[in-house]
Structure formats: structure tokens, C-alpha cells
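# Observations on the model geometry
Each chain is listed here by its residues.
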Amino acid sequence: WPEGFGPQPVVPELGFESYRGGPGERRFARGVLENIRASVNAAVASSSLKLDPDVVSRGVFLNSYHVNDADEGEPCTVTTSARIYAPNGSGRFVDLEYEN
């Protein structure tokens, strides 16, 4: 870690929980992120903002998710947190919370 950056930050453990583990967890996380990016893309495309929806949606990153799985194997609750960074590189962001 470069000294000029100050003390190295502690990166907390990521909050991904769907009871899949390993490669299955990574595939599930990728699918969740793709769905959120598609939703952001559609929202930007349908707005009056003069922004490229593809560029904006690539600035979305998954923070955490939790799946409360029903006994039948169908998820009954999915809670997801994502962060969308400003497309102009300013470092500003908005946190998104989804619950289904």
C-alpha cells in the first residue's frame, strides 16, 4: 500500500448470502448484478437525462445481498444493496436498495 495514500483501509467482508457457496455463489452474484445493471440502464434510457445508459449502468457495483430461501427452494425474500458511481469520474455515488 503506497505511503502517500495514508493508512491502508480495512476492507470488510462482503455480505453475499444465498446459501450456495463457492462458484455457485459467484454465478448468483453475477446474475443479481446483471439484473440491477439492466434496471438502471432501462431507467436512464427512459429518462430525459442526456447520459449514455450503457456507461451509467457499468458504474453499478454490488455491495451485498441476502436471500431468505423458502422450504420449497424458491426465494421468498431477496434484499440487495448496490452502489452506482457518477459516470463523470467525480467519485460521487448513490446507494441503491432493492427488496423483492
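Everything in this summary refers to the structure shown in the same document. What you see is a predicted model, and the numbers here were worked out from it, not measured in a lab.

Basis of the calculations
Residues numbered from 1 in each chain as written. Predicted model: local features only at pLDDT ≥ 70, side-chain atom pairs only at ≥ 80, totals over all residues. Heavy atoms only, no water. 1 Å grid on protein atoms, 1.4 Å probe; cavity = no way out; pocket = protein on both sides within 12 Å on 5 of 7 lines; lining within 4 Å. Points joined across faces, edges and corners; volume = space filled by probe spheres on them. Helix = DSSP H or I, 4+ residues; strand = E, 2+ residues; numbered from the N terminus. Nonpolar A, V, L, I, M, F, W, Y, C, P; charged D, E, K, R; others polar. Contact = heavy atoms within 4.5 Å.

### Things to note about the layout of surface pockets
- Space inside the largest pocket adds up to approximately 190 Å³.
- In this structure, the largest pocket is lined by Phe 28, Val 32, Asn 35, Ile 36, Ser 39, Val 78, Thr 80, Tyr 98, Glu 99 and Asn 100.
- Among the elements of the structure, α1 (22-45), β3 (75-85) and β4 (93-99) are those that each provide at least two residues to the lining of the largest pocket.
- Of the residues forming the lining of the largest pocket, the biggest block, 5 residues, is contributed by α1.
- Here the lining of the largest pocket is built from residues that sort into 5 nonpolar, 4 polar and 1 charged.

### So, the environment of Val 60
- Among the secondary structure elements, Val 60 is positioned in strand β2 (residues 60-69).
- Considering only alpha carbons, one finds Val 60 and Ile 84, 24 residues apart in sequence, at a separation of 4.2 Å.
- When residues no more than four places from it in sequence are discounted, the contact partners of Val 60 are Leu 33, Ile 36, Arg 37, Val 40, Ala 82, Arg 83 and Ile 84.

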